Amino acid sequence: MSTGHEEIGGGAHPVIALHGWFGSAAAWRVLHPHLDASRFRYVFPDYRGYGARIDEAGEHTLAEAAADVLALADRLGLDTFSLVGHSMGGAVAQRVLADAPHRVRALVGISPVPAAGVPFDEQGWALFSGAAADLANRRAIIDLTTGNRLTAVWLDAMVEHSRQHSDPAAVADYLRAWAQTDFHTEIEGNPVPVKVIAGEHDPALGEETMKATFGQWYPSCDLEVFPNAGHYAIDETPIALATTLERFLSTSAL
């Protein structure tokens, strides 16, 4: 099995950052210049079927992805760590928390998928399920979830990143994994410090969805709405994101 991951920093606080459905370990690079490498050690894994692991076989489930995260932490000698998850990565992070709660110091979700999955109507499911094979669907989803307000140049670059860094079969499988898996009863009431960042222009995983899910399930949940951001705060507001992320991890991690 490939160890496919990237790392920056040598600080005492390990942080494992988990990418989204259209992302990869490389998708976090825009954030790298703004991170404090003296205080934190950031680890950015790829899932099976993505990035450096694009040709690696797998079932492409949340359970498998979480098991791979824990195996990577073991190989790197990380007994405890904080987790950051973007979108689908938020669901993977919560699966890690459910499977190994004693190892997670804090959890940050950036427009994270709730542990109860995401409901779709027929039209929405057609759009998302068609994204594995049709790059136009991917572009439409990225445009929709950022409020139909960003430059076509960026939209095209995001689609191209997804095309280069993901296997279409994995994209199809992971959609079912994050949209149709409900394990929220396994994390409900967990006292781990949780920070949720929602973009004001994200129509699906915005403030109200976060309040109804993360806000109800985690006793120590802090929700912040980012202005001038949709679903992709990593790209849209990287400096503000790095600042908020590290301030929370510095003051709240167990």
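Residues numbered from 1 in each chain as written. Predicted model: local features only at pLDDT ≥ 70, side-chain atom pairs only at ≥ 80, totals over all residues. Heavy atoms only, no water.

What about the pattern of salt bridges?
- Under the counting rule described, the total for this entry stands at 19 salt bridges.
- E56 serves as the salt-bridge partner of R53, at 3.0 Å between the closest nitrogen and oxygen.
- Residue R53 is classed as buried on the basis of its relative accessible area of 5%.
- Residue R95 pairs with D99 through a salt bridge whose shortest N-O separation is 2.6 Å. (Salt bridge = Lys/Arg side-chain N within 4 Å of Asp/Glu carboxyl O. Buried < 20%, exposed > 50% of the residue type's maximum accessible area, 1.4 Å probe, protein only.)

Overview of helix 5 (residues 152-165)
- Along its 14 residues, helix 5 runs 20 Å from first to last C-alpha, staying within 8% of the 20 Å computed at 1.5 Å per residue.
- Taken together, the buried positions of helix 5 are occupied by W154, L155, M158, V159, H161 and S162. One face of helix 5 carries all of its buried residues, which in axial projection span an arc of 155 degrees.
- Of the residues flanking the start of helix 5, the one acting as N-cap is T151, its side-chain oxygen 3.1 Å from the backbone nitrogen of V153. (Helix = DSSP H or I, 4+ residues; strand = E, 2+ residues; numbered from the N terminus. Expected span 1.5 Å × (residues − 1). Arc of directions from axis to C-beta. Polar contact = N/O pair within 3.5 Å; in protein donor to acceptor, adjacent residues only side chain to side chain.)

Quick word on the environment of N148
- If you trace the backbone, N148 turns up in the loop between helix 4 (135-144) and helix 5.
- Judged by relative accessible area, N148 falls into the exposed class, the value being 53%.
- Once the C-alpha coordinates of N148 and D202 are considered, the two residues, 54 residues apart in sequence, prove to be 9.9 Å apart.

Here's the deal with the pairing of strand 4 (residues 81-86)
- Most of strand 4 sits inside the fold, with six of its six residues counted as buried.
- Residues F81, L83 and G85 line one face of strand 4 and the alternating positions S82, V84 and H86 line the opposite face, and both faces are buried.
- Examined bridge by bridge, strand 4 and strand 5 (residues 104-110) share five bridges and lie parallel to one another. Note on strand 5: the bridge partner recorded for L83 is L107.
- Taken together, strand 4, helix 2 (residues 88-99) and strand 5 constitute a β-α-β crossover, and its handedness is right-handed. (Pairing = 2+ DSSP bridges. Right-handed = clockwise from strand over helix to strand, strands pointing away.)

Treat this as a map of the structure, not an account of what it does.
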